[in-house]
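# Topology and contacts: notes
The primary structure of each chain is shown beneath.
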Amino acid sequence: KVRHLPELDDEFAKDTGKFSTLEALKNDLREKMVFRYKADQEENLHNAIGQVLVEKNSFTLPKAVLESRINMLIEEYKHTLASYGTNLENIGQSEDQLALQFTPRAEFLSRGALLLDAIAKQEGIQADEDDFEKLYNEIAKSQKQDISAVKAKIDRNLLSPQIIQQKAIQFIID
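Along each chain, the written sequence defines residue order, and numbers are assigned to residues from 1. Given that the model is predicted, a residue must reach a pLDDT of at least 70 before its local features are reported, and side-chain atom pairs must reach 80 or more before they are shown or counted; all residues, however, enter totals for whole chains, interfaces and linings. Hydrogen atoms and water are omitted, and side-chain values are computed over all heavy atoms in the structure.

## Notes on the nonpolar core
Joining through side-chain atoms within 4.5 Å is the link that ties buried Ala, Val, Leu, Ile, Met, Phe, Trp, Tyr and Cys residues into a set, and such a set is a nonpolar core. Buried residues are those whose accessible area, probed at 1.4 Å on protein chains only, stays under 20% of the maximum for their type, while exposed residues exceed 50% and partly exposed ones sit between those limits. If you look at the biggest cluster of nonpolar residues, it comprises 11 residues: I49, L53, V54, L115, L116, I119, A120, I125, I164, A168 and I169. Those elements that place two or more of their residues in this core are helix 2 (22-56), helix 5 (95-123) and helix 8 (156-173). In terms of residue count, helix 5 provides more of this core than any other element does, four residues in total. Non-local contacts of I125, meaning those with residues more than four positions away in its chain, are made with A120, I164, K167, A168 and F171. Counting residues in each nonpolar core, the second largest holds 10 residues, with I70, L81, L98 and F102 among its members. Secondary structure elements follow DSSP: runs of H or I no shorter than four residues count as helices, runs of E no shorter than two count as strands, and numbering proceeds from the N terminus. Here, two residues are considered to be in contact whenever any of their heavy atoms come within 4.5 Å of each other.

## What to know about helix 3 (residues 63-83)
The terminal C-alpha atoms of helix 3, which comprises 21 residues, lie 30 Å apart, in line with the 30 Å expected from a rise of 1.5 Å per residue. Residues of helix 3 that are buried include every one of L66, I70, L73, I74 and L81, and no others. All buried residues of helix 3 lie within an arc of 100 degrees about the axis, which places them on one face of the element. Facing away from the buried side of helix 3, by more than 90 degrees, are the exposed residues A64, H79 and S83. In this structure, the buried residues of helix 3 make contact with helix 4 (88-91) and helix 5. Among the residues trailing helix 3, G85 stands out with phi positive, at a value near 80 degrees. Helix span, as expected, comes to 1.5 Å for every residue beyond the first. Arc definition: directions from the helix axis to the C-beta atoms.

## Description of the packing of aromatic side chains
Describing an aromatic ring pair means giving the distance of the ring centres and the angle of the ring planes. A pair of Phe, Tyr and Trp rings is counted when the ring centres sit within 6.5 Å of each other, with Trp represented by its six-membered ring. The angle between the planes then sorts it: under 30 degrees is stacked, over 60 is edge-to-face, the rest tilted. Scanning all chains against the criterion turns up one aromatic pair. When the ring of Y77 is compared with that of F102, the centres are 5.7 Å apart and the planes differ by 75 degrees; the resulting orientation is edge-to-face. Of the two residues, Y77 is situated in helix 3 and F102 in helix 5; the sequence distance between them amounts to 25 residues. Owing to a relative accessible area of 28%, Y77 belongs among the partly exposed residues under this scheme. Between the NZ or CZ atom of R111 and the centre of the ring of F59, over which it lies, the distance is 5.0 Å. Only when the NZ of Lys or the CZ of Arg is both within 6 Å of the ring centre and within 35 degrees of the ring normal is a charge said to sit over the ring. Positioned above the aromatic ring of F132, the side-chain terminus of R156 is 3.9 Å from the ring centre.

In structure tokens:
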């Protein structure tokens, strides 16, 4: 059996339905790869900062904070499963099993968030209107939705901690 691969030409680009030339297709792919690489590098740096913060600052985590984070991780996991058309029962897991599995991650995330919040408070870091607009635009773009729909769906009070923690990380980097 012989595989027939299409010619990489303008016709191939047009067949994708989005590009008129092969060069435009290549440029789009290049931009997406560079964006993904930069995003991965930024995420790695943020994770490393979080790891160092947590390792260097030991404290007792309030039980309610840990339980809340565990429940949030479980709900996110259930939502992901639902998007694939399944649920915990179908994969043979219970919420109690997940709680045990997610506890170390929840503890790490909670400690990191509390430390970043403390840095933000100490440095007077706050979320401003431009920060909200930028994040709403990013969400709208990633979900391929109109920004007004995203604003209607996501309350800015839910975004504020994320913005402040990102700004605290940037403060540490700078």
